[in-house]
There are 4 protein chains.
Amino acid sequence: MIVVMDLHVGEKELQAVENVLQQYGYRCHLIRGEQRIVIGAVGATKGEIPPVLETMPGVEKVLRVMQPYKLVSREMKPDDTVIRTGSVCLGGGYVSVLAGPCAVESLEQLITAAREVKKYGAAALRGGAFKPRTSPYAFQGLMETGLEYLRRAREETGLAVVTEVMNPADVELVAETADIIQIGARNMQNFPLLKEVGQLRRPVLLKRGLAATVEEWLMAAEYIMSGGNYQVILCERGIRTFETSTRNTLDVSAIAVAKRLSHLPVIADPSHAGGNWRLVQPLALASLAAGADGLLVEVHPDPQSALCDGPQSLNPQHFGELMAAVEGLVALLGKKLVRGVERQ
Amino acid sequence: MIVVMDLHVGEKELQAVENVLQQYGYRCHLIRGEQRIVIGAVGATKGEIPPVLETMPGVEKVLRVMQPYKLVSREMKPDDTVIRTGSVCLGGGYVSVLAGPCAVESLEQLITAAREVKKYGAAALRGGAFKPRTSPYAFQGLMETGLEYLRRAREETGLAVVTEVMNPADVELVAETADIIQIGARNMQNFPLLKEVGQLRRPVLLKRGLAATVEEWLMAAEYIMSGGNYQVILCERGIRTFETSTRNTLDVSAIAVAKRLSHLPVIADPSHAGGNWRLVQPLALASLAAGADGLLVEVHPDPQSALCDGPQSLNPQHFGELMAAVEGLVALLGKKLVRGVERQ
Amino acid sequence: MIVVMDLHVGEKELQAVENVLQQYGYRCHLIRGEQRIVIGAVGATKGEIPPVLETMPGVEKVLRVMQPYKLVSREMKPDDTVIRTGSVCLGGGYVSVLAGPCAVESLEQLITAAREVKKYGAAALRGGAFKPRTSPYAFQGLMETGLEYLRRAREETGLAVVTEVMNPADVELVAETADIIQIGARNMQNFPLLKEVGQLRRPVLLKRGLAATVEEWLMAAEYIMSGGNYQVILCERGIRTFETSTRNTLDVSAIAVAKRLSHLPVIADPSHAGGNWRLVQPLALASLAAGADGLLVEVHPDPQSALCDGPQSLNPQHFGELMAAVEGLVALLGKKLVRGVERQ
Amino acid sequence: MIVVMDLHVGEKELQAVENVLQQYGYRCHLIRGEQRIVIGAVGATKGEIPPVLETMPGVEKVLRVMQPYKLVSREMKPDDTVIRTGSVCLGGGYVSVLAGPCAVESLEQLITAAREVKKYGAAALRGGAFKPRTSPYAFQGLMETGLEYLRRAREETGLAVVTEVMNPADVELVAETADIIQIGARNMQNFPLLKEVGQLRRPVLLKRGLAATVEEWLMAAEYIMSGGNYQVILCERGIRTFETSTRNTLDVSAIAVAKRLSHLPVIADPSHAGGNWRLVQPLALASLAAGADGLLVEVHPDPQSALCDGPQSLNPQHFGELMAAVEGLVALLGKKLVRGVERQ
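In this text the structure is predicted, and so the values were computed from the model without any measurement.

Criteria and cut-off values
- Residues numbered from 1 in each chain as written.
- Chains lettered and ligands numbered in written order.
- Predicted model: local features only at pLDDT ≥ 70, side-chain atom pairs only at ≥ 80, totals over all residues.
- Heavy atoms only, no water.
- Helix = DSSP H or I, 4+ residues; strand = E, 2+ residues; numbered from the N terminus.
- Buried < 20%, exposed > 50% of the residue type's maximum accessible area, 1.4 Å probe, protein only.
- Contact = heavy atoms within 4.5 Å.
- Areas by Shrake-Rupley, 256 points an atom, 1.4 Å probe, with all protein chains shown as cover.
- Pairing = 2+ DSSP bridges.
- Axes fitted to C-alpha atoms, helices over the stretch in contact; angles between N-to-C directions.
- Left-handed = near helix turned anticlockwise from the far one by under 90°.
- Nonpolar A, V, L, I, M, F, W, Y, C, P; charged D, E, K, R; others polar.
- Buried area = accessible area lost by both parts, 1.4 Å probe.
- Salt bridge = Lys/Arg side-chain N within 4 Å of Asp/Glu carboxyl O.
- Polar contact = N/O pair within 3.5 Å; in protein donor to acceptor, adjacent residues only side chain to side chain.
- Least-squares fit on C-alpha atoms with pLDDT ≥ 70 in both.
- Phe/Tyr/Trp six-rings, centres within 6.5 Å; stacked < 30°, edge-to-face > 60°.
- Lys NZ or Arg CZ within 6 Å of the ring centre and 35° of its normal.
- Parallel < 35°, antiparallel > 145°, perpendicular 65-115°, else oblique.
- 1 Å grid on protein atoms, 1.4 Å probe; cavity = no way out; pocket = protein on both sides within 12 Å on 5 of 7 lines; lining within 4 Å.
- Points joined across faces, edges and corners; volume = space filled by probe spheres on them.
- Expected span 1.5 Å × (residues − 1).
- Arc of directions from axis to C-beta.

Caption draft 1: Inspection of the overall build of chain A at higher detail. When its secondary structure is counted, chain A shows 10 helices and 15 strands. In terms of principal-axis extent, the alpha carbons of chain A reach across some 75 × 45 × 40 Å. Counting over 344 residues, chain A shows a buried share of 64%. Within chain A, contacts between residues separated by at least 24 positions form 68% of all contacts whose residues are at least 6 apart in sequence. Surface accessibility of chain A: about 11500 Å² in total, with carbon and sulfur atoms responsible for 47%.

And the structure:
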């Protein structure tokens, strides 16, 4: 850690800062420049930044040299984490596509969707039973019944099931059904929820928050891993910017950066990012080209009758076209596409 | 609602769109322009937008004419909602300042803080028992013990108590202590939590999310109100932008806009917005000048020893200076500052 | 155009609005809803929105149905514009890579760069003679001498030359040398400059501004085209967001959206977007996968000695690796990569 | 400057970095931590950061300790700069309001506006003769004729005149008329223009760019000052964020921050920030409360007939109400409002 201080600070203030640093286990190196005094602080094993520092007299800024996360870091674990569950395999050169409707609407809708996405090569079925909706008056999901339908669809097709949990109290219930538990973008910093899924030993798909930096996203993953659950899948789904021609702005750079900083698999959700089914294919391919290990795609047997997110859902035929393009690109990139059908 | 359609759409597609609109209770008015066909849809009492619309062939865009919120709207209730609890009075010309430490750290720290903020005119004591922290390794709050200390501080000073809840499972517990329940910025769209506090009959202080539009903020308040809890206090605390010289960007325009659109009281949190105690006074005064009905301010008896947010906490002396400036401005604006001490 | 009015507006106000619309050539269709009155205005050939409208009593909002641009629009010209100059061919299935140093630093540096980028398949040489720098104390470019070196490099290698102009007064001078004139991101709305290059009959590479919407970007292109210069190349180079782990946020969705809305070729600048040479390849591939017609890449013979943008410049070897990957992807996407060497 | 290096870097790489630093005049202090090596570099009078540094092997990041601007800095000049011209006085406790129409439309419109704003206490008349417009088809200003009308209005009322220049070639022409030359937000980093106005000895009003950080804004002012023109007025006019309920987001924190970092006067433009005349008063008062030294306000004798920005223009009556509120607030803040009429 580097502490930058005013050149004209008194010896007493300087000593006070050094004392605090020493209490936290740091050794101090003092450098007197022409316009500032700089203290280089090293040697504290925990690397904690004393909260008091920035408020002390004479301190201008505190610059962190180290990253604040540990377990998610590629420095800690240089090799890619590969996450395998049922038909899904993500990371370390394996690519899976998780597809299905935004919301579970009926048994028939879900089974049809599952069969269609399996036919074209999806490795898992996604579908929301508990839906976060901006309006209290909008459809909130089928809840327990939705979970039951997901289990039925898994029995029917053998596809692993991905579904979202919003309430820490529902984690146990959802974990009975879900092969992969999804934490939505709005809950990326719902810390009680992160702690709860950190207690599971089951993969967690962690969406990046709309306004979360890559560092905060990795810190959210660190919450889950610090609970002992090392199976975290990072999912970029677009950030909020000034641009209004798309629902969100897909941040492909974040995929590349997260892959460099962390060993965890990173996937992309082109459906929520663009908010328009016509953008799904270009954004899906862009994500893979930037290094993504997989995709989360909204597919609905009949997008026009969807209770939510219809405009951004592919129909099965368009999903088939997407998968053909994905297959070519994955091969070109020297990776392997894992299809649900192959692993049953 | 306005549906914009391609000029070259067939009669069959046009009819299909009209059918859907009629199913939702709309009457359709067709306008054929030079380059587009426009359908004006009116008369549906619920005003719901059929999710299917945007996906139908020939539909280019769907423009909403009405606001999506009802109970929070000033159209629904033209007069200001005034929220009174214990020493606090907010809205309708009354201004209150809620002040105290970021986190409850010890009984002594809290009681000292409570006495100091009361002395200078705060109407309520704020203090976190459950703390949302970016890092799993940072101090997470004293939890139940923190709530106990808050009760002790209220007994001692008579100040109403504001504290945050993060987990729906803790709402009942926190509501036993809190006079005002705080929902933090990261939880603005934590819908299970909003629904839970919507069941209370106790004021809720709802912070705006870092990347939430004013409309989403009002929709979050609508969640609470739709549960039957009409006592919602909106709190602007800075949004996330590209600017890095402050922790967040205080959006004073949002205060003015929210006051126009809604009857609910709106307050500001200049401490989190600026992230620097030196910015608290200018941002506090700016918020009041823009129309805020109150302030939420971090005050710590000894900011240098604070376990969190020390750099943005005022010490009691600076808080005294702030309150003197606030008092002058509130009077100039023709409003009334309510001091805790006066109402006991 | 749609004008939304208060339900309780008087007949006089309503009439006033209709009069204004009629003056602009619109025919009005009045729709009285339960809570609003809506006027659908059609038939004005110019489609201009009367500036007064939004200020008239009773008017709540004015919704535009049509796009504000014409010449850039794909509605106007459904087929892709293909821009050909010297060795470059962009659009309509042709992909070119324009590469070279951020700044022209010396004749030797430029000639070496030109030979290297040509060797690996670049279609044009980029290099700045006039440099926009944040600090007045930083290197500002070699100016006229830089232009001379660019001409020498073209003679030597046959590559077309891309270089930036910042001052309207320099347009004529720069156009004597440049095969493609670049307008930088900071000048995207420098209207006198846009008008000046609109008078040329030479391709203009128009970078998207850091905070420009896709619509504003297209309107800037419209400025150039409205002057009679139809050869505009759009270049996405990253927008400014809250994320700080990359220099800017490459907006691949904007590439896909601009391709849908406009017939003009769209390229990407992965060097400025990421600000880090390690990100150039993933971002370049992502851009092409999203539909880009070309790339603008910074390559320096010796990035460590670069006078500007060294951290984001590729060395020739890495550029060679990039081009190999680009070639494979372009073929997979069914497009044709145009190499400078092939067209001489 | 601090250079953070990989712990496992070889002595050769380390030596190379030190050599570069020494070439730039730095003395190096090496600190070996547990996980990183840190080099503290001090003593270079120019404080320049070698561009090569970030690309050298083993270098992880380069942290700047000093600010990159000099002449604008309050460290360099602790006392407020006070800018006086004709009726205007800004900074050092003096507050002026500059008001008038967005665009000069006719002699009559301008003279009427000038009389009205003078009547209510404006210190200067604003009005655009050269207008930056998003669309090439929109009204572009009266140009030379507009400048003539501005001179006529000054003769008539004695008010100083503020008007914008966009083209470096027009600077001389505009400077013949303008008492204060305005640089618009879109031109904040139009470096040829900044250099040109840096040659004047006449106040320049420099608007903050839509996506400019406070640091970049100050660097733009540094461009002007480095040319020898020390009379720069900074003007906050709203930044671009995700929020769409206002035209831009007024950043009052930036006013407070800029006042701390620089000695230059800072004013605010509440008209462009909010984009709605109803927001002008709350945003104007908020800006002053945050520390602004003045206001730039759009006032039109008849906003409904305005050729541009009508929706955000005050009519004279509302401007009168604003000025009454401003006068009270300025007095409360212990500053002095300078009225044009008083100084003639």
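And the narrative resumes.
Caption draft 2: Layout of the pairing of strand β14 (residues 294-298) of chain C. Residue and element names in this part refer to chain C. In terms of residue burial, β14 counts as a mostly covered element, since five of its five residues are buried. Side chains of β14 alternate between two faces, with Gly 294, Leu 296 and Glu 298 and Leu 295 and Val 297 buried alike. In this sheet, β14 lies alongside strand β7 (residues 94-100) in parallel orientation, the contact comprising five bridges. In the sheet register, Leu 98 faces β14, and the bridge partner there is Leu 296. Strand direction decides the pairing type here: strand β13 (residues 266-268) and β14, joined by two bridges, are parallel. Across the sheet, the residue bridging to Ala 268 is Leu 295, located in β14.

Caption draft 3: Quick peek at the packing of helix α2 (residues 107-119) of chain C against helix α3 (residues 144-157) of chain C. Residues and elements named next belong to chain C. One way to put it is that α2 packs onto α3 with a least axis distance of 9 Å and a crossing angle of 35°. The hand of the α2/α3 crossing is right-handed. Contact residues: Leu 107, Leu 110, Ile 111, Ala 114, Arg 115 and Lys 118 in α2; Tyr 149, Leu 150, Arg 152, Ala 153, Glu 156 and Thr 157 in α3. Broken down by class, the residue content of the contact of α2 with α3 amounts to seven nonpolar, one polar and four charged.

Caption draft 4: Inspection of the sheet that holds strand β1 (residues 2-6) of chain B at higher detail. All names here are of chain B. Spatial ordering of the open sheet is given by β2-β3-β1-β4, a layout of four strands whose pairing is antiparallel. Each having just a single partner strand, β2 (27-32) and β4 (59-63) make up the two edges of the open sheet. Adjacent strand axes in the sheet meet at a mean angle of 20°, parallel and antiparallel pairs treated alike. Here β1 pairs with strand β3 (residues 36-42) via five bridges, running antiparallel. Paired with Asp 6 across the two strands is Arg 36, which belongs to β3. Seen against the sheet, helix α1 (residues 11-23) touches β1, β2, β3 and β4 and runs at an angle of roughly 150° to β2.

Caption draft 5: Up close: the interface of chain D and chain A. Every contact between the two is made by 24 residues of chain D and, on the other side, 24 residues of chain A. Considering only the surface of chain D that becomes buried against chain A, Ile31(D), Arg36(D) and Val65(D) emerge as the three largest contributors, covering 26% of it. At the junction of chain D and chain A, the tally comes to two salt bridges. Between the two partners, chain D and chain A, sit two residue pairs in polar contact (both at pLDDT 80 or more). For the side of chain D that touches chain A, the secondary-structure elements that each account for two or more residues are β1 (2-6), β2 (27-32), β3 (36-42) and β4 (59-63) of chain D. Of the residues belonging to the side of chain D that touches chain A, the class tally is nine nonpolar, seven polar and eight charged.

Caption draft 6: Local environment of the relation of the copies chain B and chain A. With an RMSD of 0.0 Å, the fit of chain B onto chain A corresponds to turning through 180° and sliding 0.0 Å along the axis. What the rotation and shift describe, once combined, is the action of a two-fold rotation axis. Across chain B, the smallest distance between a C-alpha and the rotation axis is recorded for Ala211(B), namely 2.9 Å. Of the interface residues in chain B, 100% have counterparts in chain A that sit at the interface too, so the contact is made through matching surfaces.

Caption draft 7: The packing of aromatic side chains, seen in detail. The tally for this structure, following the rule as stated, stands at eight aromatic pairs over all chains. Measuring from centroid to centroid gives 6.4 Å for Tyr120(C) and Phe319(C), while their planes differ by 80°, and the two rings are edge-to-face. Of the two residues, Tyr120(C) is situated in the loop between α2 and β8 (124-126) and Phe319(C) in helix α10 (residues 316-332); the sequence distance between them amounts to 199 residues. Seen from their ring centres, Phe191(C) and Tyr223(C) are 4.6 Å apart, and the 25° between their planes marks the pair as stacked. Taken together, the positions of Phe191(C) in helix α5 (residues 191-198) and Tyr223(C) in helix α6 (residues 214-226) put the pair 32 residues apart, joining distant regions of the chain. When its relative accessible area of 2% is taken as the criterion, Phe191(C) is described as buried. Cation over ring: Arg84(D) sits above Tyr94(D), and NZ or CZ is 5.6 Å from the ring centre.

Caption draft 8: Structural context of the packing of α5(C) against α6(C). All names here are of chain C. As a packed pair, α5 and α6 sit with axes 7 Å apart at the nearest point and diverge in direction by 45°. Judged on the interaxial angle alone, α6 and α5 are oblique. Taken as a pair, α5 and α6 cross one another with a handedness that is right-handed. In this structure, α5 uses Phe 191, Leu 194, Lys 195, Val 197 and Gly 198 to contact α6, whose residues at the interface are Ala 220, Tyr 223 and Ile 224. Partitioned by chemical class, the residues of the contact of α5 with α6 number six nonpolar, one polar and one charged.

Caption draft 9: Local environment of the sheet that holds strand β4 (residues 59-63) of chain A. Residue and element names in this part refer to chain A. The sheet built from four strands is open, its strands ordered β2-β3-β1-β4 with antiparallel pairing. In the strand order of this sheet, the two ends are held by β2 (27-32) and β4, each with one partner. Strand-to-strand twist in this sheet, taken as the mean axis angle between neighbours without regard to direction, amounts to 20°. Those strands touched by helix α1 (residues 11-23) are β1 (2-6), β2, β3 (36-42) and β4, and its axis lies near 150° from that of β2.

Caption draft 10: Structural context of the interface of chain B and chain A. If you look at the interface, chain B gives 41 residues, while chain A gives 41 residues. Together, the buried faces of chain B and chain A total about 3500 Å²; carbon and sulfur atoms form 58% of this surface. If you look at where chain B meets chain A, you find two salt bridges. The shortest N-O distance in the salt bridge between Glu216(A) and Arg240(B) comes to 2.6 Å. Where chain B meets chain A, there are 16 residue pairs in polar contact (both at pLDDT 80 or more). For the side of chain B that touches chain A, the secondary-structure elements that each account for two or more residues are α5 (191-198) and α6 (214-226) of chain B. Broken down by element, the residue count for the side of chain B that touches chain A peaks at five residues, all from α6(B). Of the residues contributing to the side of chain B that touches chain A, the split by class is 20 nonpolar, 13 polar and eight charged.

Caption draft 11: Molecular detail of empty space enclosed by the protein. In the structure shown here, the tally under the stated rule is three cavities of 30 Å³ or more. Estimated volume of the largest cavity: approximately 150 Å³. Around the largest cavity, the lining is made up of 17 residues, and of these Thr241(A), Arg240(B), Thr241(B), Thr241(C) and Thr241(D) lie nearest the centre. When its residues are assigned to classes, the lining of the largest cavity shows nine nonpolar, four polar and four charged.

Caption draft 12: Here's a closer look at helix α3 (residues 144-157) of chain B. All names here are of chain B. Here α3 spans 20 Å end to end across 14 residues, near enough to the 20 Å set by a 1.5 Å rise per residue. For α3, the complete set of buried residues consists of Gly 146, Leu 147, Tyr 149, Leu 150, Ala 153 and Thr 157. Buried residues of α3 fall within an arc of 160° about the axis and therefore sit on the same side. On its buried side, α3 packs onto α2 (107-119), β8 (124-126), β9 (160-164) and α4 (171-177). Count one or two residues on from α3 and you reach Gly 158, which has phi positive near 80°.

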